[in-house]
Amino acid sequence: MGRSFYGDDEFVDAKPGYKGEISDALKEKESLHGNISFVEGMGIRSTPYLESIMNKTKTFIQDKFSIANAELGTQLSAFRNEFTNYMDEILSFTRDESELGVTIPTLVSAIVVNKKSAPLRIFFPLAVSAVSFRLAMPKTYGAVSDKVSRWEQEKYPDAYKQQQDLSRSARELAEQFRVVREQAKLDLQKNVHDARVYVTDLLKDDE
């Protein structure tokens, strides 16, 4: 009969494991390798993969929603500020004047040139609107002009300087023309007066 593998070895009596709680030091050492629970002295490890994934997903979604909410709040605040500034600018132009003095002439001019050529239909109502705006709303026109002048001075200082030089030259030329016209009027009155005096003296001499 053949020899068994452990046939000549000493008989080994298997002893059951010791049932009891492990020491605190061993428990702490074992717990470093993951979650562990003990059932009758035996450590059972459990790794919460699903819980970890859910927590990471929840944290990611919360972070993204927080960022989106902050961005939305920033954009809404910026929009409110821009709208408030825009309305302040509009109110700064309005000087409690009636807009009908501009609207009615513009509509009438558009109706008058309704069947005319395209350039006339475009530019004539614009010209009438500009003139009406200046005449009917002088305070608002002045506020808008000042705003445009300040903007032009900040953005295009060279063009603003040239425009001011042209305006100054135009005013000086207009003043010179006014002086010449007044002088011509005075000269005409003087010549008429001298002619009347001469005719009167001549008639007296004839008598």
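Residues numbered from 1 in each chain as written. Predicted model: local features only at pLDDT ≥ 70, side-chain atom pairs only at ≥ 80, totals over all residues. Heavy atoms only, no water.

Engineer: With reference to specific residues and values, describe the overall build of the protein.
Structural biologist: The number of helices and strands found in the protein is 6 helices and 2 strands. For the protein, the α and β elements follow one another from N to C terminus as α-β-β-α-α-α-α-α. Burial status across the protein gives 7% buried among its 207 residues. Partitioning the intrachain contacts of the protein with sequence separation of at least 6 by distance along the chain shows that 37% fall at a separation of at least 24. Total accessible area computed for the protein in this model is approximately 18400 Å², and 60% of it derives from carbon and sulfur atoms. (Helix = DSSP H or I, 4+ residues; strand = E, 2+ residues; numbered from the N terminus. Buried < 20%, exposed > 50% of the residue type's maximum accessible area, 1.4 Å probe, protein only. Contact = heavy atoms within 4.5 Å. Areas by Shrake-Rupley, 256 points an atom, 1.4 Å probe, with all protein chains shown as cover.)

Engineer: Residue-level account of helix H4 (residues 118-136), with values.
Structural biologist: With 19 residues, H4 should cover 27 Å at 1.5 Å per step; its first-to-last C-alpha distance of 27 Å lies within 8% of that length. Where H4 is concerned, the buried positions are Pro-125, Val-128 and Ser-132. Down the axis of H4, the buried side of the element spans an arc of 65 degrees, and every buried residue falls inside it. Exposed side of H4, more than 90 degrees from the buried face: Phe-123, Leu-126 and Arg-134 are the residues found there. (Expected span 1.5 Å × (residues − 1). Arc of directions from axis to C-beta.)

Engineer: Explain the pattern of salt bridges to me, and be specific about the residues and the numbers.
Structural biologist: For the coordinates displayed, the defined rule picks out 4 salt bridges. Linking Arg-178 and Glu-175 is a salt bridge whose minimum nitrogen-to-oxygen distance equals 2.5 Å. Residue Arg-178 and its partner Glu-175 are located together in helix H6 (residues 157-206), separated by 3 residues, close to a single helical turn. Classification of Glu-175 by relative accessible area gives partly exposed; the value is 38%. For Asp-194, the salt bridge is made with Lys-190, and the minimal N-O distance between the two is 3.1 Å. Here the residue Asp-194 and the residue Lys-190 both occupy positions in helix H6, the gap between them amounting to 4 residues, near one helical turn. Its relative accessible area of 51% is what places Lys-190 among the exposed residues. (Salt bridge = Lys/Arg side-chain N within 4 Å of Asp/Glu carboxyl O.)

Engineer: Please provide a residue-by-residue account of the packing of aromatic side chains, values included.
Structural biologist: Overall, the coordinates contain 1 aromatic pair when judged by the stated rule. Ring centres of Phe-79 and Phe-83 lie 6.4 Å apart, and the angle between their planes is 20 degrees; on these two criteria the pair is classed as stacked. Taken together, the residues span about one helical turn, with Phe-79 and Phe-83 both in helix H2 (residues 49-93) at a distance of 4 residues. What makes Phe-83 partly exposed here is its relative accessible area of 46%. (Phe/Tyr/Trp six-rings, centres within 6.5 Å; stacked < 30°, edge-to-face > 60°.)

Engineer: I'd like a description of the packing of H4 against helix H5 (residues 138-155), backed by residues and values.
Structural biologist: One can describe the packing of H4 onto H5 by two numbers: an axis separation of 5 Å at closest approach and a directional angle of 110 degrees. Judged on the interaxial angle alone, H5 and H4 are roughly perpendicular. Residues Phe-133, Arg-134, Leu-135 and Ala-136 of H4 pack against Pro-138, Thr-140, Tyr-141 and Val-144 of H5. Here the residues of the contact of H4 with H5 are counted per class, giving 6 nonpolar, 1 polar and 1 charged. (Axes fitted to C-alpha atoms, helices over the stretch in contact; angles between N-to-C directions. Parallel < 35°, antiparallel > 145°, perpendicular 65-115°, else oblique. Nonpolar A, V, L, I, M, F, W, Y, C, P; charged D, E, K, R; others polar.)

Engineer: Explain the side chain of Ser-132 to me, using residue names and the numbers behind them.
Structural biologist: Turning to its location among the elements, Ser-132 is positioned in helix H4. In this structure the side chain of Ser-132 is engaged in a polar contact, spanning 2.7 Å, whose partner is the backbone oxygen of Val-128. Leave out the neighbours within four places in its chain, and Ser-132 touches Gly-101, Val-102, Pro-105 and Met-137. (Polar contact = N/O pair within 3.5 Å; in protein donor to acceptor, adjacent residues only side chain to side chain.)

Engineer: So what about the confidence of the model for the protein? Which residues, and what values?
Structural biologist: Looking at the protein, pLDDT values average 76 and 71% of them are 70 or higher. Taken element by element, the protein is modelled with least confidence in helix H1 (residues 24-31), mean pLDDT 62, and with most confidence in H2, mean pLDDT 84. (pLDDT = per-residue confidence, 0-100.)

Engineer: I'd love a proper account of H5, names of residues and values included.
Structural biologist: Taking 1.5 Å of rise per residue, 18 residues should cover 26 Å, and H5 covers 25 Å from first to last C-alpha, within 8% of that figure. Within the sequence span of H5, burial applies to Thr-140, Ala-143 and Glu-152. In a view along the axis of H5, the buried residues occupy a sector of 165 degrees, so they form one face of it.

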